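Residue-level listing of the chains:
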Amino acid sequence: MPPKAKRRLAGGRKAKKKQARRSPLELERAFGYVSDDVSASVDWNSLYSGFDELTAPRLWGMGLTHGAVSAKLPLQVRAEAPAKKAQLSSVSGVGAGAATGGGEGEGNGLGPWFVISSKIKLKDAEGKGRGWFAEAPLPAGALLLVERPLVAVLDAQWRDKAWADCDSADTTALGIELALVLSPSLRALVTRHHPVEGADFPSDDEDDESDEEDTAKREAMADARDLAWSMVDGLAAAESARLQAVVKLNSLGFYTHSEQLCHSGHFTPLTGSGLYALASGFNHSCEPSVSRFSIGDLTAFVTNRPVKAGQELCISYIETELLCAPRSLRSQSLNRDFTCSCTKCVAQQGQLEGGGSGRRFLNVDATVQAELALLQPVERVQAVDAALRGEMASDDDSEEDEEEEGAKSSGPAIVLGKDAQELRAVKALALMQMGRRDDALAVWRQLAGFAARHLPPFDEALAVYATQAALCALSIQSGGSSSSSSSPKLAPKLLLGTAESEAARYVNCAMDAHRVICGCDAKMFRWRYAKEVEIAEVPDDAKQAFWQLVDKVAATAASKTAPAAWADAVEAWEFREEEIPEAMTGPPMSDSSSA
């Protein structure tokens, strides 16, 4: 036996005392519902109540587990909304027949696993395995699927592991969770997940070019992974490797209120990753027709544009702010076992890309965000302005590389749209803290202009920026900007009495975007944005005026048969061209393909 194998085996025996295989997850009779109108079928009220109960206690996120989240967030259907009960195995294409008889909760004790539209179907997709396709024309804002993962783990459940800093820590943790509960029925549900049996797939081993400490972390991660899978009886090594690849290539992260400013510090304990029976069928495109949002571990998929019958329904596997980055960077971020061949990628083959080899890219990571947060608001605004000019040192720089790079790394860094948007949000919030809400409003408009020009239609960022813009507008006196949060009170009646007021326009923009984003009514907007408005740096009367406007808009929207068209939604902002930032800033373009 090789020395490394002996070491791992010894380590595994020690770890076995701390980790035991749990009861297999039996899913033979797991079921869900097929509906003509998913939004109408889901019992959102029970979901809201469960979520509020979960997050009500002080320090609710401490020691939270995925099991606790699932138990509090029921996926139920409304009795008055017709929906047909169906077996999960049948809908996923690995079995046949509809479920008959049985009570709510068969298979997992938590109720249905999914509610899915009758207007979509999982089919073979040329060159992609399988994919979801529209069986009938779908409007923007059509809720296609709400699903609970087969297996999931919260990030907080593995953050204390010695290997938590490794690049594949999240998928490794999820793979360990799969191994601990694997059953024949669970294994059957992922039989057709990529890669299928007999197919080639990338190795799970990471690059060995790292220091001793990183090597030790990777080896500890491999020990934990190997131990978990060694406890699965009767599983061949090849199938074990395939299932681990299934997790790596099919897992999806879930992030509650991820685009909202309140996510960090309020809802991060609910962040995790899961392996889905049905959602794994959505393929990637850099021009996605489907967006998603999560409430706990439940993830919903909604069309962001009209889709014709027969067209494939695709999501983005990368952050939407990266979809306007150069093709090579999108591919690097995608990091999958395929090269994207969507319409956008094909059209951009051979095109010039920003920054040649050796150019620096500004990286606004958690460390940079923490450093900015330590600054006073005035200094924070100045630091952000410098960073937007590319004057902040990139994390990619190192002392070892400094001399070698020389002139190549001199000059301003390239600022990708994703990083620029994060910086602009930091600036807008700092300006609001300073009471400069008119200046903050201008920045929120820039953020919205970027989203409208460079992101997929109706990205949730638009609803966030419109909400903040409305709050700023409601906080500005008719004579100009307020200088602090203790400034004189507003006259909400005057603002509310003007249908064409700036604030009312922004509330309309926020709610129109949200209606498409979530495929649901104004009640969900009120629920999802309650914390966002609560923590906003504006006077309380501005918040009250905001919700009054929401009620007025909701009353008008109730009579609409369809959400606003994307072109109309953008036009409502009345952007000036100078308000719309470029997709990226930096040095002159260069032909990266010839480098």
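Conventions used here
Residues numbered from 1 in each chain as written. Predicted model: local features only at pLDDT ≥ 70, side-chain atom pairs only at ≥ 80, totals over all residues. Heavy atoms only, no water. Helix = DSSP H or I, 4+ residues; strand = E, 2+ residues; numbered from the N terminus. Buried < 20%, exposed > 50% of the residue type's maximum accessible area, 1.4 Å probe, protein only. Contact = heavy atoms within 4.5 Å. Areas by Shrake-Rupley, 256 points an atom, 1.4 Å probe, with all protein chains shown as cover. Pairing = 2+ DSSP bridges. Axes fitted to C-alpha atoms, helices over the stretch in contact; angles between N-to-C directions. Salt bridge = Lys/Arg side-chain N within 4 Å of Asp/Glu carboxyl O. Core = buried A, V, L, I, M, F, W, Y, C linked by side-chain atoms within 4.5 Å. Expected span 1.5 Å × (residues − 1). Polar contact = N/O pair within 3.5 Å; in protein donor to acceptor, adjacent residues only side chain to side chain. Disulfide = S-S within 2.5 Å. Parallel < 35°, antiparallel > 145°, perpendicular 65-115°, else oblique. Left-handed = near helix turned anticlockwise from the far one by under 90°. Nonpolar A, V, L, I, M, F, W, Y, C, P; charged D, E, K, R; others polar. pLDDT = per-residue confidence, 0-100. Phe/Tyr/Trp six-rings, centres within 6.5 Å; stacked < 30°, edge-to-face > 60°.

Draft legend 1. Fine view of the overall build of the protein chain. Looking only at helices and strands, the protein chain has 23 helices and 17 strands in total. Sorting the 595 residues of the protein chain into buried and exposed places 52% on the buried side. The long-range fraction of contacts in the protein chain, counting pairs at least 24 apart against all pairs at least 6 apart in sequence, stands at 79%. Put simply, the protein chain shows about 27400 Å² of open surface, and 50% of that area lies on carbon and sulfur atoms.

Draft legend 2. Molecular detail of unusual backbone geometry. Note that the residue after His194, namely Pro195, is joined by a cis bond; omega there is -5°. Inspection of the secondary structure puts Pro195 in the loop between α7 (184–189) and α8 (212–230). In the Ramachandran plot, His257 falls in the positive-phi region, its phi being about 50° despite a non-glycine side chain. Tracing the backbone shows His257 in the loop between β8 (252–254) and β9 (272–275). With a relative accessible area of 2%, His257 lands in the buried category. Even without being a glycine, Phe458 presents a positive backbone phi close to 55°. Inspection of the secondary structure puts Phe458 in the loop between α16 (437–454) and α17 (460–475).

Draft legend 3. Looking closely at the sheet that holds β9. Here three strands make up an open sheet; going across it, the order is β7-β9-β8 and the pairing antiparallel. Unpaired on one side and paired on the other, β7 (151–154) and β8 mark the two borders of the sheet. On average, each strand axis in the sheet is inclined to that of its neighbour by 25°, with strand direction left out of account. As paired strands, β7 and β9 are joined by four bridges and run antiparallel to one another. Counterpart to Ala152 in the pairing with β9 is Gly274. Running at roughly 130° to β7, helix α6 (residues 169–181) makes contact with β7 and β9 of the sheet.

Draft legend 4. Quick peek at the sheet that holds strand β4 (residues 120–125). Sheet architecture is open: four strands sit in the order β4-β5-β13-β10, paired in mixed fashion. Every other strand in the sheet has two partners, leaving β4 and β10 (283–284) as the edge strands with one partner each. The sheet contact formed by β4 and strand β5 (residues 129–134) spans six bridges and is antiparallel. If you follow Ile120 over to β5, its bridge partner there is Ala134.

Draft legend 5. The arrangement of the pattern of salt bridges in detail. One pass over the structure, following the stated rule, counts 24 salt bridges. For Arg453, the salt bridge identified is with Glu577, shortest N-O distance 3.2 Å. Here the residue Arg453 occupies a position in helix α16, and Glu577 occupies one in the loop between α23 (566–571) and β16 (584–585), the gap between them amounting to 124 residues. Under the relative-accessibility criterion, Arg453 is labelled partly exposed at 44%. Given the relative accessible area of 52%, Glu577 is considered exposed. Here Arg528 ties to Glu460 by a salt bridge, and the two come within 2.7 Å at their closest N and O atoms. With Arg528 in helix α20 (residues 522–528) and Glu460 in helix α17, this pair connects stretches of sequence that are 68 residues apart. Of the two residues, Arg528 and Glu460, neither departs from the other in class, the shared state being buried. Among the ionic contacts, a cluster of salt bridges with common partners joins Arg445, Arg576, Glu578 and Glu579.

Draft legend 6. Up close: the nonpolar core. Judged by nonpolar contacts, the single largest core of 150 residues is most densely connected at Trp44, Phe282 and Phe546. With 12 residues, α17 is the largest single contributor of residues to this core. If near-sequence neighbours (up to four positions away) are discounted, Phe546 is found in contact with Thr467, Ala470, Leu471, Leu474, Val507, Phe525 and Val533.

Draft legend 7. Molecular detail of α16. Between the first and last C-alpha of α16 there are 25 Å, a value that for 18 residues agrees with the 26 Å anticipated at 1.5 Å per step. Of all 18 residues that make up α16, 13 are buried, and the element is covered over most of its length.

Draft legend 8. Highlighting the environment of Ala555. Position of Ala555 among the secondary structure elements: in helix α22 (residues 540–557). Each C-alpha atom of the pair Ala555 and Ala522 lies 9.0 Å from the other, and the pair is 33 residues apart in sequence.

Draft legend 9. Broad picture of the side chain of Glu312. With respect to the element layout, Glu312 can be found in strand β13 (residues 312–315). Within the structure, Glu312 has its side chain in polar contact with the side chain of Lys128 (distance 2.9 Å). In contact with Glu312, other than residues within four places in its own chain, are Ala125, Lys128, Gly131, Trp132, Phe133, Asn283 and Ser289.

Draft legend 10. The pairing of β5, seen in detail. Within β5, five of the six residues are buried, leaving the element largely enclosed by the surrounding structure. Counted between consecutive antiparallel strands, the loop separating β4 from β5 contains three residues, among which Gly127 sits at a positive phi close to 75°. The pairing of β5 with β13 spans two bridges and is classified as antiparallel. By the bridge assignment for β13, Phe133 is matched with Glu312.

Draft legend 11. Looking closely at the state of the cysteines. Within the structure shown, the criterion is met by zero disulfides. Residue Cys518 stays outside any disulfide, its sulfur separated by 6.1 Å from that of Cys520, the closest cysteine. We classify Cys518 as buried; its relative accessible area is 0%.

Draft legend 12. Local environment of the packing of helix α19 (residues 502–518) against α22. Viewed as axis vectors pointing N to C, α19 and α22 meet at an angle of 60°, and their least axial separation amounts to 9 Å. If you check the angle between α19 and α22, you find them oblique. α22 is crossed by α19, and the crossing has right-handed handedness. Touching Ala503, Ala504, Val507, Asn508, Met511 and Arg515 of α19 are Phe546, Leu549, Val550, Val553, Ala554 and Ala557, all from α22. A class-by-class count of the residues in the contact of α19 with α22 yields 10 nonpolar, one polar and one charged.

Draft legend 13. Quick peek at the confidence of the model for the protein chain. Mean pLDDT for the protein chain: 85, with 81% of residues reaching 70 or above. Predicted confidence for residues 97–109 stays below pLDDT 50, and this span has 29 contacts to residues more than four positions away or in other chains. Segment residues 482–500 is flagged for pLDDT under 50; beyond a separation of four residues in sequence, or across chains, it makes 27 contacts in the model.

Draft legend 14. Seen up close, the packing of aromatic side chains. Under the defined criterion, the tally for this structure stands at 15 aromatic pairs. Centre to centre, the rings of Phe525 and Phe546 are 6.5 Å apart; their planes meet at 35°, and the pair counts as tilted. Taken as a pair, Phe525 in helix α20 and Phe546 in helix α22 lie far apart in primary sequence, 21 residues in all. Taken individually, Phe525 and Phe546 each receive the classification buried, so the pair is uniform in this respect. Here the aromatic rings of Phe525 and Trp547 are separated by 6.5 Å at their centres, their planes lie at 65°, and the arrangement is edge-to-face. Of the two residues, Phe525 is situated in helix α20 and Trp547 in helix α22; the sequence distance between them amounts to 22 residues. Trp547 matches Phe525 in its accessibility class, with the two residues each being buried.

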